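# Breakdown of the fold
So the chains spell out like this:
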Amino acid sequence: MDLIIEGIIKAFWLLVSFDPEVLGITLLSIKVSGTATLISLVIGISVGASVALTRFPGRSIVVSLINTGMALPPVVVGLFVTISLWRNGPLGFLGILYTPLAMIVAQAVIATPIVTGISLAAVQQLPAKLRLQILALGATRRQMVWILIKEAKLSLLAAIMAGFGGVISEVGASIMVGGNIKGYSRVLTTATVMETGRGNFDVAIALSIILLLLAYLINLVLTQVQQRERPR
Amino acid sequence: MKRFWITSLLFIGVIALVAGGSSQAQAQNKSVILATTTSTQDSGLLDILIPIFEKDTGYFVKTIAVGSGQAMAMGQKGEADVLLVHSPAAEKKFMEEGFGVERRLVMHNDFVIAGPAEDPARIKGLKSATEALKKIAAARALFLSRGDNSGTHAKEKAVWKAAGVQSEGQKWYQETGLGMGQTLNVAGEKKGYTLTDRGTYLALAKTLKLDILVEGDAVLLNIYHVMEVNPQKWPKVNIEAAKAFADFMVSAKAQDVIKTFGVDKFGSPLFFPDAGKTVENLGK
């Protein structure tokens, strides 16, 4: 119990003193996970909406693959991304293993199926007649898709939250492809693992609290946006 | 309506950018991948040595802290430039197979057997590590092994072998598969014995409920070597940087840091600098 209180006090001090190392770690977490989420949104919403609005042979197989991808274990992603990015691996020429960029790639791979799956469900559950109505009013196909995406926005915000929440809290892939390098690729989760190993439980607890605060603040803002518009 | 949608996207974009800060990938020939053991990172030694090296040479060190076994596997695949490890038998094999360029002695400390104060197997104060393990086995007392092919795990297996005990597969013998710090925490919580390097033990001692029970046996020496990965096997290895790092580790500057590291915090040094010595003369 003392340890938890010590940790909370430590977290408070690290926050108010703007400890440069902790600040750097926190900003890198936001940057890596934010960028990965952005990438996953672009890919996920496009693919999700396309699959939701089209019918093709083998569609149910594709949908179940996407849904399985939502449960993709981060360590599995980490392993395959690491092997691909090895110097002597297939993508070794990029030379990005053990960089924040590699972490963005891995996290985007984790977040994309999550965003895709939720977007797919969101667009699909819109009333089918809505599509006919929009087209009947003279919209082009592209305009129709855009309107449908806007109609599904409440669910899509949930997709952003799930995607971001999935990657900001993930440690397995980040530590494998980023290497937890001090001042370079160390993020909140990997630093927490390391400080636990070092027996610095107060720092580890402090980092966890910062991570929770961060996740809370971001979700708070997104929830505000989401709840401002009541479902009709 | 549209504004709402744009603001939410912008928001994500802004938080990604606010973090800003350019952590551009360093030029490849200026960065060097150091594969090392968790003990050098968890003790905090590298946090002091690496900034000095980076400042002196301009290289950027990417430290990947894994077990010695994994570090050498990375070297064998050409995925690391230089290794700082403590698994002598495996290192010799690594050199014989031509994966390394040079293997130089850097420092040593020692392994100790830590366990609960109650000491159910009554090993406290024994002079022989093999004797202690035999007693633990006879008492069927819980023993926590790293189980991760690290240097510590290799040493532990060697001592079990010397004790003539088949420990693997026994109920009282559990493998954590974790780093040294975490394994010590597990041992502390479960009141088990474990073999640990002294540095990590001291770094964690304040929160651990474990005592040092056996120490000082010559077989418990923990010796660290630095090895550059052979660029003839793997052309992408940054041999200039690797050599610069290895030279630095045995330089007077680094050896001085090693000599005093930990004294202010623990009252005694965590590592003893050994550059230029031979393994046979250690601990004498």
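Residues numbered from 1 in each chain as written. Chains lettered and ligands numbered in written order. Predicted model: local features only at pLDDT ≥ 70, side-chain atom pairs only at ≥ 80, totals over all residues. Heavy atoms only, no water.

### Some details on helix H3 (residues 45-57) of chain B
Between the first and last C-alpha of H3 of chain B there are 19 Å, a value that for 13 residues agrees with the 18 Å anticipated at 1.5 Å per step. Of the residues flanking the end of H3 of chain B, it is Gly-58 of chain B, one or two places downstream, whose phi is positive at about 85°. (Helix = DSSP H or I, 4+ residues; strand = E, 2+ residues; numbered from the N terminus. Expected span 1.5 Å × (residues − 1).)

### Considerations on the packing of aromatic side chains
All names here are of chain B. The final tally for this structure, using the stated rule, is 12 aromatic pairs over all chains. Ring centres 6.1 Å apart and planes at 15° place the aromatic pair Phe-53 and Tyr-59 in the stacked group. Take Tyr-59: its relative accessible area is 15%, and that puts it in the buried class. Put simply, the rings of Phe-53, Tyr-59, Phe-245 and Phe-248 touch in pairs and so form one group of aromatic residues. Just above the ring of Tyr-59 sits the side chain of Lys-30; from NZ or CZ to the centre is 4.5 Å. Directly above the ring of Phe-99 sits Lys-233, whose terminal nitrogen or CZ lies 4.6 Å from the centroid. (Phe/Tyr/Trp six-rings, centres within 6.5 Å; stacked < 30°, edge-to-face > 60°. Buried < 20%, exposed > 50% of the residue type's maximum accessible area, 1.4 Å probe, protein only. Lys NZ or Arg CZ within 6 Å of the ring centre and 35° of its normal.)

### Focus: helix H3 (residues 59-69) of chain A
All names here are of chain A. Listed as buried for H3 are Arg-59, Val-63, Ile-66 and Gly-69. In an axial view of H3, the angular spread of the buried residues amounts to 120°, which keeps them on one side of the axis. More than 90 degrees from the buried face of H3, the exposed residues found are Ser-60, Ile-61, Leu-65 and Thr-68. Contacts from the buried residues of H3 go to helix H2 (20-53) and helix H5 (100-124). (Arc of directions from axis to C-beta. Contact = heavy atoms within 4.5 Å.)

### Concerning the packing of helix H10 (residues 188-197) of chain A against helix H11 (residues 201-228) of chain A
All names here are of chain A. Contact geometry for H10 and H11: axes closest at 8 Å, N-to-C directions at 160°. Relative to H11, the element H10 lies roughly antiparallel. The handedness of the crossing between H10 and H11 is left-handed. Residue-level contacts link Leu-188, Thr-189, Ala-191, Thr-192, Glu-195 and Thr-196 of H10 to Phe-201, Val-203, Ala-204, Leu-207, Ser-208, Ile-210, Leu-211 and Leu-214 of H11. A per-class count over the contact of H10 with H11 returns 9 nonpolar, 4 polar and 1 charged. (Axes fitted to C-alpha atoms, helices over the stretch in contact; angles between N-to-C directions. Parallel < 35°, antiparallel > 145°, perpendicular 65-115°, else oblique. Left-handed = near helix turned anticlockwise from the far one by under 90°. Nonpolar A, V, L, I, M, F, W, Y, C, P; charged D, E, K, R; others polar.)

### Side note on the domain arrangement of chain B
Residues and elements named next belong to chain B. When cut into domains, chain B gives domain 1 (30-108 + 223-281) and domain 2 (110-220). When each unit is reduced to the centre of its C-alpha atoms, the spacing between domain 1 and domain 2 is 25 Å. Roughly 1,000 Å² is buried in total at the junction of domain 1 and domain 2, and carbon and sulfur atoms are behind 59% of that figure. Looking only at domain 1, the three residues that lose the most surface to domain 2 are His-86, Phe-266 and Leu-270, adding up to 35% of its buried area. Where domain 1 packs against domain 2, one counts 0 salt bridges. For the interface between domain 1 and domain 2, the tally reads 1 residue pair in polar contact (both at pLDDT 80 or more). Secondary-structure elements contributing two or more residues to the side of domain 1 that touches domain 2 are helix H2 (38-42) and helix H4 (68-76). If you tally residues by element for the side of domain 1 that touches domain 2, the top one is H2, at 3 residues. In terms of residue class, the side of domain 1 that touches domain 2 is built from 3 nonpolar, 8 polar and 1 charged. (Domains from an automatic or database assignment. Buried area = accessible area lost by both parts, 1.4 Å probe. Salt bridge = Lys/Arg side-chain N within 4 Å of Asp/Glu carboxyl O. Polar contact = N/O pair within 3.5 Å; in protein donor to acceptor, adjacent residues only side chain to side chain.)

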